[in-house]
Structures are given as structure tokens and as C-alpha cells.
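So you can see what is in the structure, the chains are spelled out below.
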Amino acid sequence: MNKSDSCLMEISMNRNGFHLSPEPDTADIVIFNTCSVRNHAENRAIARMKSARGLPGGRDKLVICAGCMAQRIGKELIANGTADIAAGPYQSPRIGEFVAAWLTDHRKRTFLSQEIADFSDRINEDRALERDPADWHEWVTITHGCENFCSYCIVPHVRGKLISVSSGKILSYIRDLTARGVTEITLLGQNVNQYGMDCGEIPFFRLLEKTASIEGLNRINFLTSHPKDFSNDIISVIKDHRTISRAIHLPLQSGSDRILTLMNRGYLMKDYRGIIDVIAAELDDFSLSTDLIVGFPGETVDEYRETLRAVETLQFDEAYTYAYSPRSGTAAFDLPETITPDEKRDRLAELIEVQRNISRTKLEGRIDRTEEMIIEAISKKSSRDVVGKTFLNHPVVLPGVPEDIGKIIRVRITGLKGATLYGERTA
Ligand code: SF4
């Protein structure tokens, strides 16, 4: 979602006469698009904003805090001088206007975010659907906000309630994109499976089906799903349309039913396993990734081991793993923390190691297979190589040229180094 918001900011800045600087050193204006999900991310963002002042000409730089952190603590950042402008996530499409006005007008430190109570008025659908500058791929925001209130999560507090963009606008926007050469899209929302539930729109699986019927798309991704709303209808639509990615991201968060309940996730392990069983029965090839939190308040050693066991039995291709980070304003913030930072760190390290071995084994299983992939960029390590992702979202490096970027090709996987597959073109 932040990548998408950054694209909107870039468009807005360009339109108002500003241009992207190659380096922060040479920029007159530095925008930090921030995340509030973990304390550590916020501390790093604050440190970087402060260090921007120390760059050459730093005292004269305009420092802007954008995104969720601006919404959460923007007033504080303005009051203590960390930022000159704090602009919450829904100001992204208008940031260029604010900056232009700030420079020509008052130059007073400003908090531009809205109050939570104003969030229902915040969506300008046309702006939310504006085109980003990438060539073949486009982010398409289908919902804003989230009202699941998982007990550890700050998102509903900073992005407000669920608002679905109308399906008519989404589909005509995607048609426009394909007419202009876009061949891959990612449907975006905090919980895309809840699409339409706020307003009587068509359900997510229908939106996915209608998107898949649009000519010209090579690949359709969607992020993020929630197990409590991931219906069999979604799996059937994926099965019926080869253009829909088989890389399924389904955040589990914990392998313990008690912790899942405390997290207010709305499903138990048997429900999650049930979804994976249906996916495995219906799709001939798929990859599965997840998010996991260790050290939630009160998590016992046995409950942590249930998460480890879930990882071992479910065999995720990839897992994004985190130590629980208390966020003021969330329900879990009031629960007494029973796990020390060292214990959290040890649990996380062990979990990462277990998952790393599983990921490696799964990647090794792709060697000698022929897969379809989309080339995304020139390799940072060699200008004679290109990188891209397979239909299962595995990164692959192979020889190529800049003209390959955005193309869909067939590749035979020949080897594995670290977490990257290597391959060669094949017919
Ligand atoms: S579904 Fe839960 S974890 Fe995801 S954004 Fe909403 S509240 Fe946060």
C-alpha cells in the first residue's frame, strides 16, 4: 500500500513542478513515506528524518513525514521540529499541491492529516485510481482502510474504516491500463477478501473473475488476503483463470488457537488448515506465503511451539516473521507483556531458521522445472542479467537485455544461490 501511495505522491509532485532527485543529498525536499506497524520502523523513520537535516544543505531542506506515522504522531513530529509537514496516507494524491502552497505561502510547520472522524469523506476515487509511472505493472487500490481490529494492529486506527472503490471504476480503470500496455496488475487492500462488504458491491471473487476476463492481462495478483474471509469461491476463480497468480499470501500470525483468539483474528487453526486443503486439492501448482508474529503478550513456550509446528506442517514457501511490537491505542497494548525482548528474539531467530530451511527445500524443488515468468529489471549484480518473478512469485535471474523488461517468458530453472533461482530461456 505504501508503494502505491508513493507512486501517487510522485505523480502529484511531478504535476506541481517538482522532479525526483537521484540522491537525498541533492534534494531540496525529502519525503519519508512511513509505516506504523512496528515501533522499530517508526524509530528508524524518525532517525532518518533527523539525519536528513544533517545532509548537505540540510537546514534548508523541507522534510515531510507522509503515511501512517504522520497520521498517528504527526502533530508531535511538527511540534518537536522533526518534520515541516506531516501528511497522513490519504493526502498522498495531493501532496504536490500542499508542498507548492507551503513554499509560496506561509512556510509554517503543518499537520495535514484528517481526524479519524473525517475518514468517511476522504476518498476521491478518481485520484485513488491514478496511474503510476511503471510501464507494465500497476497497483490498483480496491479498498481503503480496515475494520477488523486485530488486537495488535494499528492500521484501523490510522487508515480508518473499510471503503470499497466501485467495481465499475476499478474495471474501467484496468481496461484503460491494458489499452496503454499494462500487462500485470496487483489488486490492493488491507483485506481484499472483504471487498464490497461495506457497500453492497459485488464480492471479491466476482471482482477477480471480472478482472480476469479483461483482455491483455498476463498476470493478476492480489494483496492481502485474510483467512476469515478467504472463501472457496475465490479458489474456484483462481482455478478457472490461468492469469490469476497462484502465489497465495495468507497471513496465519500464530499456530495457537488461544493466541489467534486473543489476536481477534476470527479463525482457528482448523479453519486455516481447511483453506489450505481446498487450495491443494483444487490448484495443480501454487505457492503459499504467510505472516507470523512471535511473543504476543502471554504466549507460552508451548504456544510458540504450536506456531513452529504449523510452519513445519503447512510448509510455507515464504514467511514474513516479526516479534510482537506493542502499539499504543490497540487492544493488545493493554495486555501485560510477559515475554522478555531476549525471549522474543530467540523465538524469532529459531522460527526464521526453521522457515529458511523449508524455503530452501521448496526452491530446490523448482530446479529443472520450466516456468513462466515476467522480467522486472536488470540485475543489480550484472548488467548482462535480468531478474523477474515466476507465476509462483519466486525470484529468478537469467541472461537478458533491457528490452526484456515487462515481457512474459518461459524459463528453465537451472540452479539456486541463496534465496534466488537461476535459469535460462526455453521455448
Ligand atoms: S486485517 Fe487485521 S492485521 Fe490486517 S490491516 Fe486489518 S486489523 Fe491489521
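Residues numbered from 1 in each chain as written. Predicted model: local features only at pLDDT ≥ 70, side-chain atom pairs only at ≥ 80, totals over all residues. Heavy atoms only, no water.

A. Representation of the overall build of the chain within the structure. Tallying secondary structure elements over the chain gives 13 helices and 17 strands in all. In terms of overall size, the chain behaves like a compact globule, its C-alpha atoms giving a radius of gyration of 22 Å where 427 residues would be expected to give roughly 22 Å. Projecting the C-alpha coordinates of the chain onto the three principal axes gives extents of approximately 60 × 55 × 45 Å. Each of the 427 residues in the chain was classed as buried or not, and the buried ones make up 51%. The contacts of the chain with a sequence gap of at least 6 include a subset with a gap of at least 24, amounting to 71%. Of the charged side chains in the chain, 54 are positive and 60 negative, and the gap between their average positions amounts to 3 Å. (Helix = DSSP H or I, 4+ residues; strand = E, 2+ residues; numbered from the N terminus. Rg over C-alpha atoms; globule rule 2.2 N^0.38 Å. Buried < 20%, exposed > 50% of the residue type's maximum accessible area, 1.4 Å probe, protein only. Contact = heavy atoms within 4.5 Å. Lys, Arg positive; Asp, Glu negative; His and termini not counted. Charge placed at Lys NZ, Arg CZ, Asp CG, Glu CD.)

B. Representation of the nonpolar core within the structure. In this structure, L187, L208 and F222 are the most contacted members of the largest nonpolar core, which totals 53 residues. When residues no more than four places from it in sequence are discounted, the contact partners of F222 are T186, L187, V192, F204, L208, F230, I234, I238 and I244. With 16 residues, the next largest nonpolar core counts A27, A70, I78 and A83 among its residues. (Core = buried A, V, L, I, M, F, W, Y, C linked by side-chain atoms within 4.5 Å.)

C. Representation of the sheet that holds strand 10 (residues 247-249). Read across the sheet, three strands follow the order 10-11-12 without closing on themselves; strand pairing throughout is parallel. The open sheet has two free edges, formed respectively by strand 10 and strand 12 (318-323), since each of these has just one partner strand. Along the sheet, successive strands turn relative to each other by an average axial angle of 15 degrees, direction set aside. The pairing of strand 11 (residues 287-294) with strand 12 spans six bridges and is classified as parallel. Residue pairing for strand 12: I293 is matched across the bridge by Y322. (Pairing = 2+ DSSP bridges. Axes fitted to C-alpha atoms, helices over the stretch in contact; angles between N-to-C directions.)

D. Here's a closer look at the sheet that holds strand 8 (residues 184-188). Read from one edge of the open sheet, three strands run 5-8-9, paired in parallel fashion. Pairing within the sheet leaves two strands with one partner each, and these edge strands are strand 5 (137-141) and strand 9 (219-223). Going from strand to strand, the sheet's axes swing by 20 degrees on average, the running direction of each strand aside. When strand 5 meets strand 8, the two strands line up parallel, connected through five bridges. Considered in strand 8, the bridge of V140 is made with L187. Where helix 7 (residues 167-179) meets the sheet, it contacts strand 5 and strand 8, and its direction lies at approximately 170 degrees from that of strand 5.

E. Highlighting the packing of helix 1 (residues 2-15) against helix 4 (residues 95-104). Between helix 1 and helix 4, whose axes approach to 7 Å, the crossing angle comes to 45 degrees. One finds that helix 1 runs oblique with respect to helix 4. Two packed elements cross with a definite hand, and for helix 1 against helix 4 that hand is right-handed. Seen from helix 1, the contacting residues are M9, S12 and M13; seen from helix 4, they are I95, G96, E97 and V99. Considered class by class, the residues forming the contact of helix 1 with helix 4 number four nonpolar, two polar and one charged. (Parallel < 35°, antiparallel > 145°, perpendicular 65-115°, else oblique. Left-handed = near helix turned anticlockwise from the far one by under 90°. Nonpolar A, V, L, I, M, F, W, Y, C, P; charged D, E, K, R; others polar.)

F. Representation of the site of the ligand. By nearness alone, every residue bordering the ligand is listed as C146, N148, F149, C150, Y152, C153, V155, P156, Q190, H226 and R265. Of the residues assigned to the shell around the ligand, the class counts are seven nonpolar, three polar and one charged. (Near = heavy atom within 4 Å.)

G. Main features of helix 2 (residues 39-53). Given a rise of 1.5 Å per residue, 15 residues ought to cover 21 Å, and the 22 Å separating the end C-alpha atoms of helix 2 matches this to within 8%. E42, A45, I46, M49 and A52 are the residues of helix 2 that are buried. Seen end-on, helix 2 carries its buried residues on one side only, within an arc spanning 120 degrees. Buried residues belonging to helix 2 abut strand 1 (29-34), strand 2 (62-67) and helix 3 (68-79). (Expected span 1.5 Å × (residues − 1). Arc of directions from axis to C-beta.)

H. Representation of the domain arrangement of the chain within the structure. Here the domain parsing of the chain yields domain 1 (2-113), domain 2 (120-364) and domain 3 (370-425). Spacing between the C-alpha centres of domain 1 and domain 2 amounts to 28 Å. Between domain 1 and domain 2, the contact holds 22 residues from the first and 21 residues from the second. With both sides pooled, the region where domain 1 packs onto domain 2 buries about 1,900 Å², and carbon together with sulfur makes up 58% of that total. When the area that domain 1 buries against domain 2 is broken down by residue, the three leading residues are R38, R72 and Y90, summing to 31%. The tally of links between domain 1 and domain 2 comes to two salt bridges. Among the salt bridges present, the one from D5 reaches R159, with a minimum N-O distance of 3.1 Å. The interface formed by domain 1 and domain 2 includes eight residue pairs in polar contact (both at pLDDT 80 or more). (Domains from an automatic or database assignment. Buried area = accessible area lost by both parts, 1.4 Å probe. Salt bridge = Lys/Arg side-chain N within 4 Å of Asp/Glu carboxyl O. Polar contact = N/O pair within 3.5 Å; in protein donor to acceptor, adjacent residues only side chain to side chain.)

I. Looking closely at helix 8 (residues 204-212). Among all positions of helix 8, only F204, F205, L207, L208, T211 and A212 are buried. End-on, the buried residues of helix 8 take up no more than an arc of 160 degrees, which puts them together on one face. As for helix 8, its buried residues are in contact with helix 7, strand 8, strand 9 and helix 9 (232-240).

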